[in-house]
Amino acid sequence: MAQDKVTTKDGRKPIRVWVDGCFDMMHFGHANALRQARAMGDYLIVGVHSDEEVERNKGPCVMKEDERYAAVAACKWADEVVKDAPYVTTMETLDKYNIDFVVHGDDITTAADGTDCYQHVKDAGRYKECKRTVGISTTELVGRMLLVTRDHHIRGSRTTGSPMQGVDEAAVANFSQGSMPAGALTGIAHYLSTSKKIIQFSSGHEPQAGDRVVYVDGAFDLFHTGHIEFFKRAREFGDYLLVGVHDDQTVNAIKGGNFPVMNLQERVLGALQCRYVDEVIIGAPYSVTKDVLEDVYHVDAVVHGASDQPLDIDGKDPYELPKQRGIYHEVEHPRLDLTTTVIIERIIANRQVYIERQARKAKKAVSEAEQEQREKEVRAALHM
Ligand code: CTP
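Cut-offs applied
Residues numbered from 1 in each chain as written. Predicted model: local features only at pLDDT ≥ 70, side-chain atom pairs only at ≥ 80, totals over all residues. Heavy atoms only, no water. Helix = DSSP H or I, 4+ residues; strand = E, 2+ residues; numbered from the N terminus. Areas by Shrake-Rupley, 256 points an atom, 1.4 Å probe, with all protein chains shown as cover. Pairing = 2+ DSSP bridges. Axes fitted to C-alpha atoms, helices over the stretch in contact; angles between N-to-C directions. Contact = heavy atoms within 4.5 Å. Near = heavy atom within 4 Å. Polar contact = N/O pair within 3.5 Å; in protein donor to acceptor, adjacent residues only side chain to side chain. Nonpolar A, V, L, I, M, F, W, Y, C, P; charged D, E, K, R; others polar. Core = buried A, V, L, I, M, F, W, Y, C linked by side-chain atoms within 4.5 Å. Buried < 20%, exposed > 50% of the residue type's maximum accessible area, 1.4 Å probe, protein only. 1 Å grid on protein atoms, 1.4 Å probe; cavity = no way out; pocket = protein on both sides within 12 Å on 5 of 7 lines; lining within 4 Å. Points joined across faces, edges and corners; volume = space filled by probe spheres on them. Domains from an automatic or database assignment.

- You'll find the chain entered in an unreviewed UniProt entry as ethanolamine-phosphate cytidylyltransferase, with Coemansia reversa given as the organism.

Structure below.
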(Lines give C-alpha, C1' and ligand atoms only; values in the text may rest on other atoms or scores of the structure.)
Protein backbone atom coordinates (compact mmCIF):
# COMPACT_ATOMS: atom_id res chain seq x y z
CA MET A 1 0.00 0.00 0.00
CA ALA A 2 1.46 3.34 -1.10
CA GLN A 3 0.04 5.09 1.96
CA ASP A 4 2.16 2.96 4.32
CA LYS A 5 5.38 4.29 2.81
CA VAL A 6 4.34 7.87 3.43
CA THR A 7 5.47 9.47 6.68
CA THR A 8 4.10 12.47 8.53
CA LYS A 9 5.97 15.81 8.66
CA ASP A 10 7.64 14.74 11.92
CA GLY A 11 8.84 11.51 10.30
CA ARG A 12 6.58 8.99 12.02
CA LYS A 13 4.25 6.41 10.54
CA PRO A 14 0.80 7.95 9.89
CA ILE A 15 -1.96 6.91 12.27
CA ARG A 16 -4.72 5.33 10.22
CA VAL A 17 -8.21 5.67 11.65
CA TRP A 18 -11.35 3.77 10.63
CA VAL A 19 -14.96 4.91 10.98
CA ASP A 20 -17.85 2.98 9.55
CA GLY A 21 -21.57 3.52 9.27
CA CYS A 22 -24.63 3.84 7.08
CA PHE A 23 -24.37 7.61 6.60
CA ASP A 24 -27.96 7.74 5.45
CA MET A 25 -28.94 11.30 4.46
CA MET A 26 -25.41 12.32 5.42
CA HIS A 27 -25.80 15.25 7.81
CA PHE A 28 -23.47 17.45 9.83
CA GLY A 29 -23.71 15.03 12.81
CA HIS A 30 -22.01 12.39 10.63
CA ALA A 31 -19.53 14.99 9.38
CA ASN A 32 -18.75 16.01 12.95
CA ALA A 33 -17.96 12.38 13.82
CA LEU A 34 -15.56 12.24 10.84
CA ARG A 35 -14.00 15.56 11.89
CA GLN A 36 -13.30 14.26 15.40
CA ALA A 37 -12.01 10.92 14.14
CA ARG A 38 -9.69 12.59 11.62
CA ALA A 39 -8.26 14.76 14.42
CA MET A 40 -7.32 11.59 16.35
CA GLY A 41 -4.98 10.44 13.58
CA ASP A 42 -3.44 11.34 10.23
CA TYR A 43 -5.49 9.45 7.67
CA LEU A 44 -9.21 8.66 7.86
CA ILE A 45 -10.75 5.69 6.08
CA VAL A 46 -14.53 5.58 6.14
CA GLY A 47 -16.31 2.28 5.59
CA VAL A 48 -19.85 2.66 4.26
CA HIS A 49 -22.31 -0.25 4.42
CA SER A 50 -24.17 -1.42 1.32
CA ASP A 51 -27.97 -1.15 1.04
CA GLU A 52 -28.28 -4.91 1.53
CA GLU A 53 -26.16 -4.88 4.70
CA VAL A 54 -28.10 -1.96 6.24
CA GLU A 55 -31.48 -3.44 5.29
CA ARG A 56 -30.53 -6.73 6.98
CA ASN A 57 -29.33 -5.11 10.21
CA LYS A 58 -31.23 -1.86 10.63
CA GLY A 59 -33.99 -1.44 8.02
CA PRO A 60 -34.17 0.47 4.74
CA CYS A 61 -32.04 3.49 3.87
CA VAL A 62 -33.53 6.64 2.31
CA MET A 63 -30.45 7.23 0.18
CA LYS A 64 -29.13 4.57 -2.18
CA GLU A 65 -25.65 3.16 -1.57
CA ASP A 66 -24.02 5.07 -4.44
CA GLU A 67 -25.48 8.31 -3.08
CA ARG A 68 -24.21 7.49 0.41
CA TYR A 69 -20.72 6.60 -0.89
CA ALA A 70 -20.59 9.91 -2.81
CA ALA A 71 -21.82 11.93 0.18
CA VAL A 72 -19.09 10.55 2.45
CA ALA A 73 -16.40 11.00 -0.23
CA ALA A 74 -17.36 14.70 -0.49
CA CYS A 75 -16.79 15.29 3.24
CA LYS A 76 -13.54 17.18 3.71
CA TRP A 77 -12.40 15.00 6.61
CA ALA A 78 -12.67 11.67 4.73
CA ASP A 79 -9.39 10.68 3.06
CA GLU A 80 -10.71 7.44 1.60
CA VAL A 81 -14.02 5.61 1.31
CA VAL A 82 -14.38 1.83 1.46
CA LYS A 83 -17.61 0.72 -0.20
CA ASP A 84 -19.65 -2.20 1.06
CA ALA A 85 -17.99 -2.30 4.49
CA PRO A 86 -19.20 -5.10 6.80
CA TYR A 87 -21.78 -4.08 9.43
CA VAL A 88 -19.80 -5.76 12.21
CA THR A 89 -16.25 -4.41 12.44
CA THR A 90 -13.72 -7.21 12.81
CA MET A 91 -9.96 -7.46 13.24
CA GLU A 92 -9.77 -8.73 9.63
CA THR A 93 -11.11 -5.40 8.43
CA LEU A 94 -8.52 -3.54 10.53
CA ASP A 95 -5.72 -5.73 9.16
CA LYS A 96 -6.95 -5.43 5.58
CA TYR A 97 -6.76 -1.63 5.65
CA ASN A 98 -3.84 -1.40 8.06
CA ILE A 99 -5.90 0.47 10.65
CA ASP A 100 -4.60 1.56 14.04
CA PHE A 101 -7.97 2.01 15.69
CA VAL A 102 -11.71 2.43 15.09
CA VAL A 103 -13.74 5.49 16.10
CA HIS A 104 -17.50 5.59 16.67
CA GLY A 105 -19.96 7.95 18.34
CA ASP A 106 -20.71 7.38 22.03
CA ASP A 107 -23.83 5.28 21.43
CA ILE A 108 -24.03 1.52 21.08
CA THR A 109 -24.61 0.03 17.62
CA THR A 110 -25.97 -3.49 17.44
CA ALA A 111 -26.23 -5.98 14.57
CA ALA A 112 -29.45 -7.81 13.65
CA ASP A 113 -28.72 -10.50 16.30
CA GLY A 114 -28.36 -7.86 19.04
CA THR A 115 -24.57 -8.11 19.41
CA ASP A 116 -22.37 -5.02 19.69
CA CYS A 117 -20.90 -4.28 16.23
CA TYR A 118 -17.63 -3.16 17.83
CA GLN A 119 -17.16 -5.90 20.48
CA HIS A 120 -14.19 -7.50 18.61
CA VAL A 121 -12.26 -4.26 18.29
CA LYS A 122 -13.21 -3.18 21.83
CA ASP A 123 -11.83 -6.47 23.18
CA ALA A 124 -8.62 -5.88 21.24
CA GLY A 125 -8.24 -2.36 22.71
CA ARG A 126 -8.51 -0.82 19.24
CA TYR A 127 -11.68 1.25 19.78
CA LYS A 128 -12.09 4.94 20.62
CA GLU A 129 -15.19 7.06 21.02
CA CYS A 130 -16.05 10.49 19.72
CA LYS A 131 -18.86 12.68 20.96
CA ARG A 132 -22.14 12.19 19.14
CA THR A 133 -23.75 15.41 17.93
CA VAL A 134 -26.95 15.97 19.87
CA GLY A 135 -30.10 17.17 18.07
CA ILE A 136 -29.44 15.75 14.62
CA SER A 137 -29.86 12.25 13.22
CA THR A 138 -31.34 10.56 10.18
CA THR A 139 -34.25 9.53 12.40
CA GLU A 140 -34.81 13.16 13.39
CA LEU A 141 -34.79 14.29 9.74
CA VAL A 142 -37.11 11.50 8.59
CA GLY A 143 -39.40 12.39 11.52
CA ARG A 144 -39.58 16.01 10.39
CA MET A 145 -40.51 14.88 6.88
CA LEU A 146 -43.07 12.31 8.00
CA LEU A 147 -44.85 14.92 10.05
CA VAL A 148 -45.58 17.13 7.08
CA THR A 149 -48.50 16.75 4.73
CA ARG A 150 -48.25 15.08 1.34
CA ASP A 151 -48.88 18.30 -0.49
CA HIS A 152 -46.78 20.60 1.67
CA HIS A 153 -44.05 20.95 -0.93
CA ILE A 154 -46.14 22.40 -3.72
CA ARG A 155 -44.03 25.32 -4.81
CA GLY A 156 -45.16 28.90 -4.70
CA SER A 157 -47.68 28.91 -1.89
CA ARG A 158 -45.60 31.74 -0.45
CA THR A 159 -46.75 31.11 3.08
CA THR A 160 -44.82 32.19 6.09
CA GLY A 161 -46.95 30.21 8.52
CA SER A 162 -45.81 27.90 11.27
CA PRO A 163 -43.35 25.19 10.24
CA MET A 164 -45.77 22.70 11.74
CA GLN A 165 -48.59 23.92 9.51
CA GLY A 166 -50.56 21.08 7.94
CA VAL A 167 -49.13 18.38 10.19
CA ASP A 168 -50.53 14.95 9.43
CA GLU A 169 -52.41 13.97 12.60
CA ALA A 170 -52.44 10.29 11.69
CA ALA A 171 -48.67 10.24 11.40
CA VAL A 172 -48.36 11.90 14.79
CA ALA A 173 -50.70 9.30 16.28
CA ASN A 174 -48.62 6.49 14.79
CA PHE A 175 -45.48 7.96 16.27
CA SER A 176 -47.16 8.11 19.67
CA GLN A 177 -47.86 4.39 19.59
CA GLY A 178 -44.15 3.75 19.25
CA SER A 179 -43.51 5.56 22.56
CA MET A 180 -41.37 8.00 20.61
CA PRO A 181 -39.44 10.47 22.79
CA ALA A 182 -41.01 13.94 22.54
CA GLY A 183 -38.33 15.37 20.24
CA ALA A 184 -38.51 12.62 17.65
CA LEU A 185 -42.30 12.58 17.88
CA THR A 186 -42.82 16.19 17.03
CA GLY A 187 -39.76 16.76 14.90
CA ILE A 188 -38.83 19.85 16.89
CA ALA A 189 -35.64 18.61 18.55
CA HIS A 190 -33.59 21.04 16.54
CA TYR A 191 -29.88 21.20 16.85
CA LEU A 192 -28.61 24.10 18.96
CA SER A 193 -26.07 25.85 16.79
CA THR A 194 -22.97 27.38 18.35
CA SER A 195 -20.25 29.65 17.00
CA LYS A 196 -17.72 27.00 18.07
CA LYS A 197 -19.21 24.42 15.72
CA ILE A 198 -19.15 26.88 12.84
CA ILE A 199 -15.47 27.59 13.54
CA GLN A 200 -14.71 23.85 13.72
CA PHE A 201 -16.36 23.32 10.34
CA SER A 202 -14.89 26.40 8.61
CA SER A 203 -11.91 26.13 6.30
CA GLY A 204 -10.58 29.40 7.71
CA HIS A 205 -8.67 30.20 4.54
CA GLU A 206 -9.09 33.21 2.32
CA PRO A 207 -8.62 33.45 -1.45
CA GLN A 208 -4.97 33.94 -2.40
CA ALA A 209 -3.79 36.67 -4.78
CA GLY A 210 -4.91 35.78 -8.28
CA ASP A 211 -7.55 33.28 -7.14
CA ARG A 212 -10.86 33.49 -8.97
CA VAL A 213 -13.82 33.55 -6.56
CA VAL A 214 -16.97 31.73 -7.61
CA TYR A 215 -20.34 32.43 -6.00
CA VAL A 216 -23.33 30.09 -5.86
CA ASP A 217 -26.48 30.44 -3.77
CA GLY A 218 -29.48 28.42 -2.71
CA ALA A 219 -31.31 26.69 0.12
CA PHE A 220 -29.06 23.60 0.24
CA ASP A 221 -31.68 21.82 2.31
CA LEU A 222 -31.01 18.13 3.17
CA PHE A 223 -27.56 18.46 1.62
CA HIS A 224 -27.27 15.68 -0.99
CA THR A 225 -25.37 14.38 -4.01
CA GLY A 226 -27.14 16.84 -6.32
CA HIS A 227 -25.66 19.74 -4.31
CA ILE A 228 -22.24 18.08 -4.18
CA GLU A 229 -22.10 17.61 -7.96
CA PHE A 230 -23.24 21.21 -8.45
CA PHE A 231 -20.52 22.57 -6.12
CA LYS A 232 -17.91 20.45 -7.89
CA ARG A 233 -18.86 21.87 -11.29
CA ALA A 234 -19.20 25.43 -10.01
CA ARG A 235 -15.72 25.32 -8.49
CA GLU A 236 -14.30 24.54 -11.94
CA PHE A 237 -15.11 28.17 -12.85
CA GLY A 238 -12.45 29.37 -10.40
CA ASP A 239 -10.31 28.55 -7.38
CA TYR A 240 -12.42 29.52 -4.38
CA LEU A 241 -16.08 28.69 -3.79
CA LEU A 242 -18.24 31.11 -1.82
CA VAL A 243 -21.69 29.70 -1.05
CA GLY A 244 -24.68 31.90 -0.18
CA VAL A 245 -27.19 30.03 1.98
CA HIS A 246 -30.64 31.68 2.01
CA ASP A 247 -32.32 32.19 5.36
CA ASP A 248 -35.37 30.18 6.48
CA GLN A 249 -37.92 32.89 5.66
CA THR A 250 -36.56 33.31 2.13
CA VAL A 251 -36.62 29.56 1.47
CA ASN A 252 -40.13 29.33 2.86
CA ALA A 253 -41.34 32.28 0.79
CA ILE A 254 -39.97 30.69 -2.40
CA LYS A 255 -40.72 27.02 -1.77
CA GLY A 256 -43.81 27.34 0.40
CA GLY A 257 -45.34 24.83 2.82
CA ASN A 258 -43.04 23.50 5.50
CA PHE A 259 -39.78 24.16 3.70
CA PRO A 260 -36.98 24.24 4.64
CA VAL A 261 -36.68 20.89 6.46
CA MET A 262 -33.39 21.98 8.03
CA ASN A 263 -32.92 25.39 9.57
CA LEU A 264 -30.33 27.93 8.43
CA GLN A 265 -27.59 26.92 10.88
CA GLU A 266 -28.01 23.25 10.00
CA ARG A 267 -27.89 23.99 6.27
CA VAL A 268 -24.78 26.11 6.73
CA LEU A 269 -22.97 23.24 8.50
CA GLY A 270 -24.09 20.86 5.73
CA ALA A 271 -22.44 23.06 3.12
CA LEU A 272 -19.32 23.79 5.20
CA GLN A 273 -18.45 20.12 5.67
CA CYS A 274 -18.23 19.70 1.89
CA ARG A 275 -14.69 19.62 0.50
CA TYR A 276 -15.57 21.90 -2.46
CA VAL A 277 -16.79 24.76 -0.26
CA ASP A 278 -14.39 27.44 1.00
CA GLU A 279 -16.68 29.97 2.65
CA VAL A 280 -20.37 30.53 3.34
CA ILE A 281 -22.56 33.64 3.58
CA ILE A 282 -25.03 32.83 6.36
CA GLY A 283 -28.43 34.12 5.25
CA ALA A 284 -27.53 35.41 1.79
CA PRO A 285 -30.10 37.60 0.00
CA TYR A 286 -32.22 35.91 -2.66
CA SER A 287 -31.06 38.34 -5.34
CA VAL A 288 -27.34 38.55 -6.06
CA THR A 289 -26.66 42.14 -5.03
CA LYS A 290 -23.64 44.44 -5.37
CA ASP A 291 -22.82 43.69 -1.69
CA VAL A 292 -22.69 39.97 -2.38
CA LEU A 293 -20.41 40.50 -5.36
CA GLU A 294 -18.04 42.94 -3.66
CA ASP A 295 -18.24 43.01 0.13
CA VAL A 296 -17.04 39.59 1.29
CA TYR A 297 -14.65 38.96 -1.62
CA HIS A 298 -14.53 40.23 -5.16
CA VAL A 299 -16.65 37.65 -7.01
CA ASP A 300 -15.43 36.71 -10.51
CA ALA A 301 -18.13 34.24 -11.49
CA VAL A 302 -21.69 33.46 -10.42
CA VAL A 303 -22.83 29.95 -11.25
CA HIS A 304 -26.36 28.62 -11.26
CA GLY A 305 -27.93 25.29 -12.25
CA ALA A 306 -29.81 25.57 -15.55
CA SER A 307 -33.36 25.57 -14.24
CA ASP A 308 -36.10 28.18 -14.05
CA GLN A 309 -35.43 30.34 -11.05
CA PRO A 310 -38.44 31.98 -9.37
CA LEU A 311 -38.35 35.77 -9.53
CA ASP A 312 -37.61 37.82 -6.45
CA ILE A 313 -40.43 39.46 -4.48
CA ASP A 314 -39.99 42.66 -6.58
CA GLY A 315 -40.58 40.64 -9.76
CA LYS A 316 -36.94 40.90 -10.86
CA ASP A 317 -34.55 38.18 -11.98
CA PRO A 318 -32.34 37.40 -8.95
CA TYR A 319 -29.33 37.05 -11.29
CA GLU A 320 -29.89 40.35 -13.13
CA LEU A 321 -26.73 42.02 -11.81
CA PRO A 322 -24.24 39.19 -12.51
CA LYS A 323 -25.84 38.86 -15.98
CA GLN A 324 -25.31 42.59 -16.62
CA ARG A 325 -21.69 42.25 -15.51
CA GLY A 326 -21.15 39.27 -17.82
CA ILE A 327 -20.06 36.97 -14.97
CA TYR A 328 -23.14 34.74 -14.89
CA HIS A 329 -22.76 31.08 -15.93
CA GLU A 330 -25.16 28.19 -16.06
CA VAL A 331 -24.29 24.54 -15.62
CA GLU A 332 -26.53 21.64 -16.50
CA HIS A 333 -28.27 20.40 -13.37
CA PRO A 334 -26.02 17.38 -12.74
CA ARG A 335 -28.59 15.24 -10.93
CA LEU A 336 -32.12 16.19 -11.95
CA ASP A 337 -33.26 12.87 -10.49
CA LEU A 338 -32.07 13.95 -7.06
CA THR A 339 -33.53 17.00 -5.37
CA THR A 340 -34.72 17.76 -1.85
CA THR A 341 -38.27 17.16 -3.11
CA VAL A 342 -37.32 13.73 -4.50
CA ILE A 343 -35.92 12.75 -1.09
CA ILE A 344 -39.13 13.81 0.64
CA GLU A 345 -41.15 11.91 -1.95
CA ARG A 346 -39.11 8.74 -1.28
CA ILE A 347 -40.05 8.98 2.39
CA ILE A 348 -43.69 9.78 1.76
CA ALA A 349 -43.99 6.94 -0.79
CA ASN A 350 -42.70 4.49 1.83
CA ARG A 351 -44.42 6.21 4.71
CA GLN A 352 -45.45 3.07 6.56
CA VAL A 353 -42.00 1.47 6.34
CA TYR A 354 -40.36 4.59 7.75
CA ILE A 355 -42.96 5.05 10.48
CA GLU A 356 -42.22 1.50 11.63
CA ARG A 357 -38.49 2.17 11.47
CA GLN A 358 -38.93 5.36 13.53
CA ALA A 359 -40.96 3.46 16.11
CA ARG A 360 -38.28 0.72 16.35
CA LYS A 361 -35.56 3.32 16.83
CA ALA A 362 -37.60 5.15 19.45
CA LYS A 363 -38.26 1.93 21.36
CA LYS A 364 -34.54 1.16 21.32
CA ALA A 365 -33.74 4.69 22.54
CA VAL A 366 -36.23 4.30 25.36
CA SER A 367 -34.87 0.91 26.45
CA GLU A 368 -31.28 2.23 26.31
CA ALA A 369 -32.31 5.18 28.47
CA GLU A 370 -34.02 2.80 30.93
CA GLN A 371 -30.92 0.64 31.04
CA GLU A 372 -28.77 3.69 31.75
CA GLN A 373 -31.14 4.73 34.52
CA ARG A 374 -31.01 1.25 36.06
CA GLU A 375 -27.21 1.28 35.95
CA LYS A 376 -27.23 4.67 37.70
CA GLU A 377 -29.53 3.33 40.40
CA VAL A 378 -27.32 0.25 40.96
CA ARG A 379 -24.24 2.47 41.17
CA ALA A 380 -25.97 4.79 43.62
CA ALA A 381 -27.09 1.82 45.73
CA LEU A 382 -23.50 0.54 45.82
CA HIS A 383 -22.23 4.10 46.56
CA MET A 384 -19.95 3.95 43.53
N1 CTP B 1 -23.00 10.11 14.48
C2 CTP B 1 -22.73 11.19 15.32
N3 CTP B 1 -23.70 12.11 15.58
C4 CTP B 1 -24.94 11.98 15.05
C5 CTP B 1 -25.23 10.90 14.18
C6 CTP B 1 -24.23 9.98 13.91
O7 CTP B 1 -21.62 11.32 15.83
N8 CTP B 1 -25.86 12.87 15.37
C9 CTP B 1 -21.95 9.13 14.22
C10 CTP B 1 -22.27 7.71 14.70
O11 CTP B 1 -22.10 7.57 16.10
C12 CTP B 1 -21.30 6.89 13.90
C13 CTP B 1 -21.25 7.64 12.57
O14 CTP B 1 -21.78 8.95 12.82
O15 CTP B 1 -20.02 6.90 14.48
C16 CTP B 1 -22.03 6.95 11.48
O17 CTP B 1 -23.35 6.78 11.95
P18 CTP B 1 -24.40 5.83 11.22
O19 CTP B 1 -23.88 4.48 11.06
O20 CTP B 1 -24.86 6.47 9.98
O21 CTP B 1 -25.62 5.63 12.20
P22 CTP B 1 -26.40 6.48 13.21
O23 CTP B 1 -25.61 6.67 14.45
O24 CTP B 1 -27.67 5.73 13.37
O25 CTP B 1 -26.71 7.88 12.50
P26 CTP B 1 -28.18 8.49 12.43
O27 CTP B 1 -28.69 8.49 13.85
O28 CTP B 1 -28.06 9.84 11.88
O29 CTP B 1 -28.96 7.57 11.55
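With respect to the overall build of the chain
Line of reasoning, step 1. Secondary structure summary: the chain contains 17 helices and ten strands in total.
Line of reasoning, step 2. Split by element, the accessible area of the chain, about 18200 Å² in all, is 51% carbon and sulfur.

Observations concerning the sheet that holds strand β9 (residues 301–305)
Line of reasoning, step 1. Taking strand neighbours across the sheet as the criterion, the five strands line up as β8-β7-β6-β9-β10 in an open arrangement whose pairing is parallel. Edge positions in the sheet fall to β8 (279–284) and β10 (328–331), since each of these pairs with one other strand and no more. Neighbour to neighbour, the strand axes of the sheet diverge by 25° on average, direction disregarded.
Line of reasoning, step 2. Bridging between strand β6 (residues 213–218) and strand β7 (residues 240–246) involves six bridges; their strand directions are parallel. The residue of β7 that forms the bridge with Tyr215 is Leu242.
Line of reasoning, step 3. Packing against the sheet, helix α11 (residues 225–235) makes contact with β6, β7, β9 and β10, and its axis sits at approximately 135° to β7.

Quick notes on the site of the ligand
Line of reasoning, step 1. Around the ligand, 17 residues are found, and the nearest of them are His27, Arg132, Thr133, Ile136 and Thr138.
Line of reasoning, step 2. Here an oxygen atom of the ligand and a side-chain polar atom of Asp107 are 3.3 Å apart.
Line of reasoning, step 3. One nitrogen or oxygen atom from the main chain of Ile136 is found 2.6 Å from a nitrogen atom belonging to the ligand.
Line of reasoning, step 4. Listed by contribution, the elements that provide at least two residues to the shell around the ligand are α2 (28–39) and β4 (101–105).
Line of reasoning, step 5. The biggest single contributor to the shell around the ligand is α2, with three residues.
Line of reasoning, step 6. A class-by-class count of the residues in the shell around the ligand yields four nonpolar, nine polar and four charged.

Let's talk about the nonpolar core
Within soluble globular proteins, side chains that are nonpolar tend to cluster in buried spots.
Line of reasoning, step 1. Formed by 68 residues in total, the largest nonpolar core has its most connected members in Met25, Leu34, Val216, Leu222, Phe231, Val243 and Ile347.
Line of reasoning, step 2. Counting residues in each nonpolar core, the second largest holds 18 residues, with Cys22, Ile45, Val102 and Cys117 among its members.

A few points about the layout of surface pockets
Line of reasoning, step 1. In this structure, the second largest pocket occupies an estimated 880 Å³ of space.
Line of reasoning, step 2. Looking at the second largest pocket, it is lined by 32 residues, and the ones nearest its centre are Lys255, Ser307, Gln309, His333 and Thr339.
Line of reasoning, step 3. Considering every element that reaches the lining of the second largest pocket, the biggest residue donor is helix α12 (residues 248–255), with four residues.
Line of reasoning, step 4. For the lining of the second largest pocket, the residue count by class is twelve nonpolar, 15 polar and five charged.

Some remarks on empty space enclosed by the protein
Line of reasoning, step 1. Counted under the stated rule, the structure contains three cavities of 30 Å³ or more.
Line of reasoning, step 2. A volume near 80 Å³ is recorded for the largest cavity.
Line of reasoning, step 3. Lining the largest cavity are Met25, Met26, His27, Phe28, Met63, Leu141, Leu222, Phe223, His224, Met262, Gly270 and Ile343.
Line of reasoning, step 4. Among the domains, domain 1 (16–130) and domain 2 (201–331) are the pair contributing at least three residues each to the lining of the largest cavity.
Line of reasoning, step 5. By volume, the second largest cavity amounts to about 60 Å³.
Line of reasoning, step 6. No other element matches helix α4 (residues 65–73), which puts three residues into the lining of the second largest cavity.
Line of reasoning, step 7. Built from parts of two domains, the lining of the second largest cavity gets at least three residues from each of domain 1 (16–130) and domain 2 (201–331).

Notes on the sheet that holds strand β5 (residues 127–130)
Line of reasoning, step 1. Taking strand neighbours across the sheet as the criterion, the five strands line up as β3-β2-β1-β4-β5 in an open arrangement whose pairing is parallel. The outermost strands of the open sheet, each flanked by one partner alone, are β3 (80–83) and β5. Adjacent strand axes in the sheet meet at a mean angle of 30° when their direction is disregarded.
Line of reasoning, step 2. When strand β1 (residues 16–21) meets β4, the two strands line up parallel, connected through two bridges. Looking at the pairing, Val17 lines up with Phe101 of β4.
Line of reasoning, step 3. Running at roughly 140° to strand β2 (residues 43–48), α2 makes contact with β1, β2, β4 and β5 of the sheet.

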